[in-house]
Amino acid sequence: MVQKLVVGLTGGFGVGKSSVAQLFKNMGAEVIDADDLAHAAMKKGSPVFDRVIELFEEALHPGGKKMDREILAGIVFADPKRRKELESVIHPYVKEKIQEKIAAANSQVILVEVPLLFEAGFETLCDKVLVVSCNSPVKMKRLKKKRFQEPEIRAREQAQMAEALKKKKADFVIDNSKSIYQTQREVERFWLKFVSLSKAKQS
């Protein structure tokens, strides 16, 4: 039986978590993306879809089969109370799905990518936590290229734990402010560490 090392991957908005996760996937990690699971929860057929509609009927997409993510984001990032309501429905569902996927995984290293890892208490699912950081000018430049406006960026940042605190809580930190080549080198270094930690669990 494969001994699995479960690594939580988190960081602030726009730091490049998904890019780092993809690099680990290329190395052989199995990646579980909490955002993908949350998006699936907001489509018809999910066990929590009806509850989400009850709370956010105004964000239902024409046709009634899914939520309009852009409208929903506008609502919840403008109102912390409504964001908490959504999270109270989505987070337990996502946590359960992550647990199922961890149990079914066969890889030595499983990376669980969760933007709100600490805020939602999901670090309890992980053996180690890796925080992705990025300096503010680089992050803003990347987000503006993706057509995010500054007020929206600030609202999303305020909905999360401060990056400095995330870094303090983490076991490891990777700086994604530099070139993709430098980030790749960092990922390779952490990959060797994670494989070693996985093997240590077997002994």
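Structure: see above.
Let me begin by describing the structure that accompanies this report. (Residues numbered from 1 in each chain as written. Predicted model: local features only at pLDDT ≥ 70, side-chain atom pairs only at ≥ 80, totals over all residues. Heavy atoms only, no water.)

**Topic: the overall build of the protein chain**
Next, step 1: Helix and strand counts for the protein chain stand at nine helices and five strands.
Next, step 2: When its helices and strands are written in sequence order, the protein chain yields β-α-β-α-α-α-α-β-β-α-α-α-β-α.
Next, step 3: Its C-alpha radius of gyration of 18 Å places the protein chain within 12% of the 17 Å reference for a compact globule of 203 residues.
Next, step 4: Structurally, the protein chain occupies a C-alpha span of about 50 × 40 × 25 Å along its principal axes.
Next, step 5: Across the 203 residues of the protein chain, 45% fall into the buried class.
Next, step 6: Of all intrachain contacts in the protein chain linking residues separated by at least 6 positions in sequence, the fraction that spans at least 24 positions is 75%.
Next, step 7: On the protein chain, roughly 11,100 Å² of surface is accessible, and the fraction owed to carbon and sulfur atoms is 51%.
Next, step 8: In the protein chain, 36 positive and 27 negative side-chain charges are present, and the distance between their average locations comes to 5 Å. (Helix = DSSP H or I, 4+ residues; strand = E, 2+ residues; numbered from the N terminus. Rg over C-alpha atoms; globule rule 2.2 N^0.38 Å. Buried < 20%, exposed > 50% of the residue type's maximum accessible area, 1.4 Å probe, protein only. Contact = heavy atoms within 4.5 Å. Areas by Shrake-Rupley, 256 points an atom, 1.4 Å probe, with all protein chains shown as cover. Lys, Arg positive; Asp, Glu negative; His and termini not counted. Charge placed at Lys NZ, Arg CZ, Asp CG, Glu CD.)

**Let's talk about unusual backbone geometry**
Next, step 1: Residue Arg 147 is not a glycine yet carries a positive backbone phi of 75 degrees.
Next, step 2: By the element assignment, Arg 147 lies in the loop between α6 (136–145) and α7 (150–158).

**Focus on the layout of surface pockets**
Next, step 1: Of the volumes computed, that of the largest pocket is approximately 1,400 Å³.
Next, step 2: Ranked by residue count, the leading element in the lining of the largest pocket is helix α5 (residues 80–104), at six residues.
Next, step 3: In the lining of the largest pocket, the residues fall into 20 nonpolar, eight polar and 13 charged.
Next, step 4: Surrounding the second largest pocket, Ser 18, Ala 21, Gln 22, Lys 25, Val 31, Ile 32, Asp 33, Asp 36, Leu 37, Lys 101 and Glu 113 form its lining.
Next, step 5: For the lining of the second largest pocket, the elements supplying multiple residues, two or more each, are α1 (17–27), β2 (30–33) and α2 (34–41).
Next, step 6: Per-element accounting of the lining of the second largest pocket gives the leading share, four residues, to α1.
Next, step 7: Classifying every residue of the lining of the second largest pocket by side-chain character gives four nonpolar, two polar and five charged. (1 Å grid on protein atoms, 1.4 Å probe; cavity = no way out; pocket = protein on both sides within 12 Å on 5 of 7 lines; lining within 4 Å. Points joined across faces, edges and corners; volume = space filled by probe spheres on them. Nonpolar A, V, L, I, M, F, W, Y, C, P; charged D, E, K, R; others polar.)

**Comments concerning the pairing of strand β1 (residues 5–11)**
Next, step 1: Burial runs high along β1: seven of the seven residues are buried.
Next, step 2: Of the strand pairs in this sheet, β1 and strand β4 (residues 128–133) are connected by five bridges, and their pairing is parallel. Among the inter-strand pairings, Thr 10 is bridged to a residue of β4, identified as Val 131. (Pairing = 2+ DSSP bridges.)

**A short note on the nonpolar core**
Next, step 1: The biggest cluster of nonpolar side chains holds 38 residues, and the ones touching the most others in it are Phe 56, Met 67, Ile 90, Val 94 and Ile 98.
Next, step 2: Residue assignment for this core shows that the elements contributing at least two residues are α2, α3 (49–55), α4 (69–76), α5, β3 (109–113) and β4.
Next, step 3: At seven residues, α5 tops the list of elements feeding residues into this core.
Next, step 4: In this structure Met 67 touches Met 42, Phe 49, Val 52, Ile 53, Phe 56, Ala 59, Leu 60, His 61 and Leu 72, once residues within four positions along its chain are discounted. (Core = buried A, V, L, I, M, F, W, Y, C linked by side-chain atoms within 4.5 Å.)

**Notes on the sheet that holds strand β5 (residues 172–175)**
What links the strands of a sheet is backbone hydrogen bonding, and the strands pair in either a parallel or an antiparallel sense.
Next, step 1: Taken together, five strands build an open sheet; the order of strands is β2-β3-β1-β4-β5 and the sheet is parallel. Only two strands of the sheet have a single partner each, and these edge strands are β2 and β5. If you compare each strand with its neighbour and ignore which way they point, the axes differ by 25 degrees on average.
Next, step 2: Where β1 meets β3, five bridges bridge the pair, whose relative direction is parallel. Bridging from a neighbouring strand, Val 6 pairs with Ile 110 of β3.
Next, step 3: Strand contacts of helix α9 (residues 180–202): β1, β3, β4 and β5, with the helix running at about 160 degrees to β5, the strand carrying the most contacts. (Axes fitted to C-alpha atoms, helices over the stretch in contact; angles between N-to-C directions.)

**With respect to α9**
Next, step 1: Across its 23 residues, α9 extends 33 Å between first and last C-alpha, which sits within 8% of the 33 Å expected from 1.5 Å per residue.
Next, step 2: Every buried residue belonging to α9 is among Thr 183, Val 187, Phe 190, Trp 191, Phe 194, Val 195 and Ser 198, and all of these are buried.
Next, step 3: Summarising the contacts, the buried residues of α9 are in contact with β1, α1, β3, β4 and β5. (Expected span 1.5 Å × (residues − 1).)

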